[in-house]
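# Overview (structure and organization)
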Amino acid sequence: GFDVEKLALARSLLYVMVGVLFASGISSVVAAVLNAHERFVATSIAPVFVPVAMVVAFGLFYQPYGVYALAAGTVAGFAIETLWLAAAAAWAGLLPWPRFGTFDGALRDTALRYWPLVVGSALMSSSAVVDQSMAASLSDGDVSVLSFGNKLVALVLSVVAVSLSTVLLPRFSHMIAAGQWGRLRRTIRGYAGLVVAGSIPIVVLLVVLAEPMIRLLFQRGAFTPDTTAAVASVQVYLALQIPFYILAMIGARLLSALDGNQIVLRIGALNLIVNGAGNYVLMRWYGVDGIAMATSLMYLLATVATVVAVRFKLAEAHAGDDRR
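For the structure given in this document, a descriptive report is provided here. Bear in mind the structure is a predicted one, so any value in this text is a computation, not a measurement. (Residues numbered from 1 in each chain as written. Predicted model: local features only at pLDDT ≥ 70, side-chain atom pairs only at ≥ 80, totals over all residues. Heavy atoms only, no water.)

## Side note on unusual backbone geometry
Despite not being glycine, Asp259 has its phi angle at roughly 60°, a positive value. Tracing the backbone shows Asp259 in the loop between α12 (242-257) and α13 (261-286). Overall, Asp259 belongs to the partly exposed group, its relative accessible area being 43%. (Helix = DSSP H or I, 4+ residues; strand = E, 2+ residues; numbered from the N terminus. Buried < 20%, exposed > 50% of the residue type's maximum accessible area, 1.4 Å probe, protein only.)

## Quick notes on the layout of surface pockets
Of the voids in this model, the second largest pocket is the one considered here, and its volume is about 440 Å³. If you list the elements that add at least two residues to the lining of the second largest pocket, you get α9 (181-208), α12 and α14 (288-323). Broken down by element, the residue count for the lining of the second largest pocket peaks at 6 residues, all from α14. Among the residues making up the lining of the second largest pocket, the classes are represented as 9 nonpolar, 3 polar and 3 charged. (1 Å grid on protein atoms, 1.4 Å probe; cavity = no way out; pocket = protein on both sides within 12 Å on 5 of 7 lines; lining within 4 Å. Points joined across faces, edges and corners; volume = space filled by probe spheres on them. Nonpolar A, V, L, I, M, F, W, Y, C, P; charged D, E, K, R; others polar.)

## Notes on the packing of aromatic side chains
Geometry of an aromatic ring pair is reported as the spacing of the ring centres plus the angle between the planes. What the rule picks out here adds up to 8 aromatic pairs. Judged by centre distance (6.4 Å) and plane angle (55°), the rings of Phe61 and Tyr65 are tilted. On the criterion of helical spacing, the pair formed by Phe61 and Tyr65 is a turn pair, its members being 4 residues apart in helix α4 (residues 49-65). Taking relative accessible area as the criterion, Tyr65 reaches 52% and is therefore assigned exposed. Look at Phe148 and Phe218: their rings are 5.0 Å apart centre to centre, the planes differ by 70°, and that puts the pair in the edge-to-face class. Of this pair, Phe148 sits in helix α7 (residues 142-149) while Phe218 sits in helix α10 (residues 210-218); the two residues are 70 residues apart in sequence, bridging distant segments of the chain. Cluster of aromatic residues (ring-pair linked, three or more members): Phe148, Phe218 and Phe223. (Phe/Tyr/Trp six-rings, centres within 6.5 Å; stacked < 30°, edge-to-face > 60°.)

## Some details on the side chain of Thr74
When you line up the elements, Thr74 lands in helix α5 (residues 68-91). Not counting residues within four places of it along the chain, the set of residues in contact with Thr74 comprises Met17, Val20 and Met54. (Contact = heavy atoms within 4.5 Å.)

So this is what it looks like as structure tokens:
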């Protein structure tokens, strides 16, 4: 649905932002090393640099460069995040100088175990691309409506889901390695209850106050009251995914610790199918709201599938321990 001018703008912004791939790739590896050694302070601070850099770049350079200031600010934020994490890892003695070596047995084992997780994560992440591309086939502006409707929801998910799952992965791994199955089950139930109890007030807040929040944050210039109403409606439906997204993310980390990456791959494929089919059906009836509905439905089904898979893998792992 994009015209030639909009396509050219999107392509040139992509050229500016492609550096994010390099910076975020390095920062993800360094952050994983820090998290594995339970040094969570540095990794919890790191995500702050991207939005701060965007705000600073927008304030200083928007007048001469327009939207390119935001794109450059994003790249700068990821670069600063990478430098911050590298400095933290070096301070902790966890950043050896990179070198090329032999692809030994440990690396081969890691690659074989984690390629399904990589593919599953790619399938899971592709749902956002599918949503945006299918929204582009609707009315003019629906891509932006979907994007703005996800801003506050994505903020909650990035703060809560990513942080919580990052902290829990090494804990799950330690308990599994030690055969502490009772403690592991209590930990899972405790955090699941905490997620449900904590996310319900957030969902209610994002639903009840959707329009005032959107009006306060975005309604100015070309962002009209009609746009506010459309974005608020999308936010209402996207907010429903929050508890399911967090539970599914924690469950995926637990499955990974239980050597269930093949299952994560299958769940990722299921998500992509459900999301695409749900978008196709619901957007015919509800427009861009239908795409938001399909996203929340996808994470609901992903949570159910993850819970079933976790129960199966826990029983299998516990039985294997008993036989040994």
